[in-house]
Amino acid sequence: MRFLKISFILFLSVVFFSCSRSSEKGGAHTVSMQIKGSDTIVNLIQVWAERVVENNPSYNIGVTGGGSGTGFAALINKTCDIAMSSREIEEKETAMAEEKGVTPVEYMIGLDGLAILINKDNPVNELTLEQLRDIFMAKITNWREIGGENKKIVILSRESNSGTHMFFKEHVLRHNDKKSKDEFAPRALLMPSSQAIYDEVSQNPHALGYVGMGYINDNVKAVSVAADENSEYFYPNPHNVMTGKYPISRPLYLYTSGEPEGVVKEFIDYALSEEGQRIVLETDFVPIAAR
Amino acid sequence: MKRKIDSIIEAIIFVCGILSIIFVALIFGFLLKEGFAFFKEFGVIGFITGDLWYPTSDPPKFGILPLIIGSLFVTAGACVIAVPIGVMSALYISEVAPKGVRDVLKSFVELMAAIPSVVIGFVGMVTLVPLVRTIFDIPTGLTAFSGSIMLAFMAMPTIITISEDAIRSVPWSYKEGALALGATKWQTLHRIVLRAAMPGIIAAIMLGIGRVVGETMAVMMITGNAAQIPYSIFEPVRTMTATIAAEMGETVRGGMHYRSLFAIGLVLFLITFIVNFTADLFLGKTKK
């Protein structure tokens, strides 16, 4: 009996304190918003969210990654207010959204160059788009064929829920040909995050993977890429992406459900403002105004 | 007053007991509903024997043979490592170790069981994966073998604690009898104690296997997740659990991809059911 009484009192006090805590924070005045999607831009969006909350402390903005596909699924299932994406929404997804009474509205917020990362001890420096395609479809399987050591290439890709995965597939593997059915080779390793690709590349001299430009640093090497054999090779940096010379770059998007209002509108406005776009550059992406 | 409280508490306990049955039934029913909706459209045989897994491709390919084999490789590898070490260690703890050592060992085994699987996965990714790559001179350390080693760590506490209980509950009279007949300590251990405790040890192994088959986070981080049919344990594999976990977030409720993941869940459920069922059969046999 005593145990029951004590636990009941404990329960009551927990309920009481949790209530009082939320009302202290502003109670009914708190406006909360969920942003979900691309892992590539999750850091950028997080910075924006922090700034918006700084300006208006009664806002409560949650930012979670998971991949662009995850963001769209959440927007369609109405579990988030804004989907962040590193690819355009697919026709299939728009249709499914409309079925559920959601009209996705698109905002382009910046550009990103996809870097091809290899280990810093790897002698290879340059690759063409065609070579990349052959590598990821396992037609080229040995580093020797592209000027490296006689070792098997370990291909690192992202999971299929990643916008980066989709963009790379459509842009590099399929040459933007909608009818093409080309796929990543089954032996490609599907890594759960860009960080995981970075980690494997930094410790494995035979690995090769694609990640957002923001991941380039001194522990890994980014290859310069040419559109074809006769073109010049360009290194993935903001300048080359801005001028459109680096061949693997893509737009980044936010999607809202219907015309935005309230806190959602405020967030989008901030993202497109001068200050918001400066943060785009600071987080190693390319602002849209620059194009 | 006391009677009343008694009956109220009895009612509460009854509801709690029934609740777990209801939950299991509901979960199973949901799995069946979504899984069968998928099988109706795609067919069972193509699903289980197909060797290409491209769920977001157009048209999608839902072949889970590589995933089944992937799960099998990782589980088998983990068993080969965890079972001998686990059973030996249980034998040592319950029969050989002096009391001080036994207490320390037991608490460490329990501590091992408390390590979250993400942590095991992370540690494996940073330490074991590069090691496996350099030692075996293979292209990448993200392989079924690395997954097996880390999963063996997770199965070991289960195997050790339950086998130890089984070994300890072997009656003293058995051992006394064996020793009195002039058997050495080792002969007593492996001819009498191990044999008498066998049903419990097998139950322990089965529970360990259950944990390994269902483990998700650690395998997702260290097995490489390549949906290919592996020809050796030193190749990357993609397990069924990792596939469900990695792809669940992107699917739209009610779509084919969403349902295919439930179908995988159904296959997984079936496999664990068969494991438990054979364990039960075996246990029944040995008891007689």
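Note that the structure is predicted; figures quoted are calculated from it, not measured.

1. Observations regarding the overall build of chain B
Okay, so step 1: In terms of regular secondary structure, chain B is built from 11 helices and two strands.
Okay, so step 2: For chain B, the succession of helices and strands along the chain, N to C, is α-α-β-β-α-α-α-α-α-α-α-α-α.
Okay, so step 3: Referenced to the eigenvectors of the C-alpha coordinate spread, the extents of chain B come out at roughly 75 × 70 × 35 Å.
Okay, so step 4: A burial count over chain B gives 38% of its 288 residues as buried.

2. Regarding the interface of chain A and chain B
Interfaces are often described in size by the accessible area the parts lose on coming together.
Okay, so step 1: Of the residues lining the interface, 28 residues belong to chain A; the matching set on chain B comes to 26 residues.
Okay, so step 2: Looking at the side of chain A that touches chain B, the elements with two or more residues in it are α3 (68-76), β7 (189-191) and α7 (194-203) of chain A.
Okay, so step 3: Tallying contributions element by element places α3(A) first for the side of chain A that touches chain B, with four residues.
Okay, so step 4: Its residues assigned to classes, the side of chain A that touches chain B shows 11 nonpolar, 10 polar and seven charged.

3. Looking at the nonpolar core
Okay, so step 1: Among the nonpolar cores identified, the biggest contains 136 residues, and Ile116(A), Leu117(A), Leu151(B) and Ile159(B) are the most heavily contacted of them.
Okay, so step 2: Top contributing element to this core by residue count: helix α6 (residues 144-168) of chain B, with 14 residues.
Okay, so step 3: If you count residues domain by domain, this core takes at least three from each of domain 1 (21-111 + 251-290) and domain 2 (112-249) of chain A.
Okay, so step 4: Apart from the residues lying within four places of it in its own chain, the contact partners of Leu151(B) are Val74(B), Ala78(B), Val212(B), Glu215(B), Ala218(B) and Val219(B).

4. Notes on unusual backbone geometry
Residue and element names in this part refer to chain A.
Okay, so step 1: Phi at Ala138 is positive, roughly 65°, even though this residue is not glycine.
Okay, so step 2: Tracing the backbone through its elements, the reader meets Ala138 in the loop between α5 (129-136) and β6 (154-158).
Okay, so step 3: You will see that Asp284, though not glycine, has its phi angle at about 70°, which is positive.
Okay, so step 4: Mapped onto the elements of the fold, Asp284 is located in the segment after α10 (274-282).
Okay, so step 5: Judged by the 17 C-beta atoms lying within 10 Å of it, Asp284 is partly exposed.

5. A closer look at α5(A)
All names here are of chain A.
Okay, so step 1: When α5 is considered as a whole, its buried residues turn out to be Gln131, Leu132, Ile135 and Phe136. Around the axis of α5, the buried residues are gathered within 130° of arc, so they sit on the same side.
Okay, so step 2: Positive backbone phi, approximately 65°, marks Ala138, located one or two places after α5.

6. Considering the domain arrangement of chain A
Residue and element names in this part refer to chain A.
Okay, so step 1: Here the domain parsing of chain A yields domain 1 (21-111 + 251-290) and domain 2 (112-249).
Okay, so step 2: Taking only C-alpha atoms into account, the centre of domain 1 sits 28 Å from that of domain 2.
Okay, so step 3: Of all elements in the fold, only α3 and β4 (104-119) reach the threshold of two or more residues within the side of domain 1 that touches domain 2.
Okay, so step 4: Residues of the side of domain 1 that touches domain 2, tallied by class, amount to six nonpolar, 11 polar and three charged.

7. Observations concerning the packing of helix α3 (residues 65-96) of chain B against helix α8 (residues 185-214) of chain B
All names here are of chain B.
Okay, so step 1: Look at α3 against α8: their axes get within 9 Å of each other, and the N-to-C directions meet at 140°. Classified by the interaxial angle, the pair formed by α3 and α8 is oblique. Like other packed secondary-structure pairs, α3 and α8 cross with a definite hand, here right-handed. Contacts from Ser71, Thr75, Ala78, Cys79, Ala82, Val83, Gly86, Val87, Leu91 and Glu95 of α3 reach α8 at Leu189, Val193, Ile201, Ile205, Gly208, Ile209, Val212 and Val213.
Okay, so step 2: Looking at the contact of α3 with α8, its residues break down into 13 nonpolar, four polar and one charged.

8. Description of the confidence of the model for chain A
Residues and elements named next belong to chain A.
Okay, so step 1: Confidence along chain A averages 85 in pLDDT terms, with 89% of residues attaining 70 or more.
Okay, so step 2: Within chain A, helix α1 (residues 2-24) has the poorest average pLDDT of any element, 53, and strand β9 (residues 220-222) the best, 94.
Okay, so step 3: Note on residues 19-28: pLDDT under 50 across the span, and three contacts to partners over four residues away in sequence or across chains.

9. Here's the deal with the pairing of strand β3 (residues 82-85) of chain A
Residue and element names in this part refer to chain A.
Okay, so step 1: Across the two faces of β3 the burial is the same, with Ile82 and Met84 and Ala83 and Ser85 all buried.
Okay, so step 2: Relative to β3, strand β1 (residues 31-37) is paired through three bridges, and the arrangement is parallel. Across the sheet, residue Lys36 finds its bridge partner in β3, namely Ala83.
Okay, so step 3: Direction of pairing for β3 relative to strand β11 (residues 249-257): antiparallel, over a ladder of four bridges. Within β11, the position partnered with Ile82 by the bridge is Thr256.

10. A short note on the packing of α3(A) against helix α4 (residues 91-99) of chain A
Residues and elements named next belong to chain A.
Okay, so step 1: Viewed as axis vectors pointing N to C, α3 and α4 meet at an angle of 20°, and their least axial separation amounts to 9 Å. If you check the angle between α3 and α4, you find them roughly parallel. The two elements α3 and α4 meet at a crossing, and its hand is right-handed. Side by side, α3 and α4 meet where Phe72, Leu75 and Ile76 of the first sit next to Glu93, Met96 and Ala97 of the second.

11. Let's talk about the pairing of strand β2 (residues 59-66) of chain A
Okay, so step 1: By the bridge criterion, seven bridges tie β1(A) to β2(A) in an arrangement that is parallel. Counterpart to Gly37(A) in the pairing with β2(A) is Gly66(A).

12. Notes on α10(A)
Residues and elements named next belong to chain A.
Okay, so step 1: All buried positions along α10 are accounted for by Gly276, Ile279 and Val280. Axial view of α10: buried residues confined to an arc of 110°, hence all on one face. Along α10, exposed side chains directed more than 90 degrees from the buried face belong to Glu274, Glu275, Arg278 and Glu282.
Okay, so step 2: Next to the buried residues of α10 lie α2 (42-55), β4 and α9 (262-272).
Okay, so step 3: Positioned one or two residues after α10, Asp284 has a phi angle of 70°, which is positive.

13. Points about the environment of Gly147(B)
Residues and elements named next belong to chain B.
Okay, so step 1: Mapped onto the fold, Gly147 is located in helix α6.
Okay, so step 2: Between the C-alpha atoms of Gly147 and Pro236, which are 89 residues apart in sequence, the distance is 9.4 Å.
Okay, so step 3: The residues contacting Gly147, other than those within four sequence positions of it, are Val74, Val219, Ile222 and Thr223.

Here is what the cut-offs are and how they apply
Within every chain, residues take consecutive numbers counted from 1 along the sequence as written. Chains and ligands are labelled by the order in which they are written, letters from A for the one and numbers from 1 for the other. The predicted nature of this model means local features are confined to residues of pLDDT at least 70 and side-chain atom pairs, given and counted, to a pLDDT of 80 or more, with totals for whole chains, interfaces and linings taken over all residues. The way it works is that DSSP assigns letters per residue, a run of H or I at least four long becomes a helix, a run of E at least two long becomes a strand, and they are numbered from the N terminus. Counts of 20 or more other C-beta atoms within 10 Å of a residue's own C-beta define buried residues, counts of 12 or fewer define exposed ones, and intermediate counts define partly exposed ones; C-beta atoms are placed from the backbone. Working definition of a contact: two residues with C-beta atoms, positioned from the backbone, lying within 7 Å. In this count, Pro and Cys sit with the nonpolar residues alongside Ala, Val, Leu, Ile, Met, Phe, Trp and Tyr, while Asp, Glu, Lys and Arg are called charged and the others, Gly among them, polar. Think of a nonpolar core as buried Ala, Val, Leu, Ile, Met, Phe, Trp, Tyr and Cys residues chained together by C-beta atoms that fall within 7 Å. Reported domain spans reflect what an automatic or database domain assignment gives. Starting at the helix axis, one direction is taken to each C-beta atom, and the arc is that of these directions. Angles run from 0 to 180 degrees between N-to-C directions of axes, and those axes are lines fitted to C-alpha atoms, restricted for helices to the stretch in contact. By the definition adopted for this analysis, an angle is roughly parallel if under 35 degrees, roughly antiparallel if over 145, roughly perpendicular if from 65 to 115, and oblique otherwise. Two helices crossing with the near one rotated counterclockwise from the far one by less than a right angle form a left-handed crossing, whereas a clockwise rotation gives a right-handed crossing. pLDDT runs from 0 to 100 and stands for how confident the predictor is about each residue. By this definition, two strands are paired if DSSP reports at least two bridges between them.

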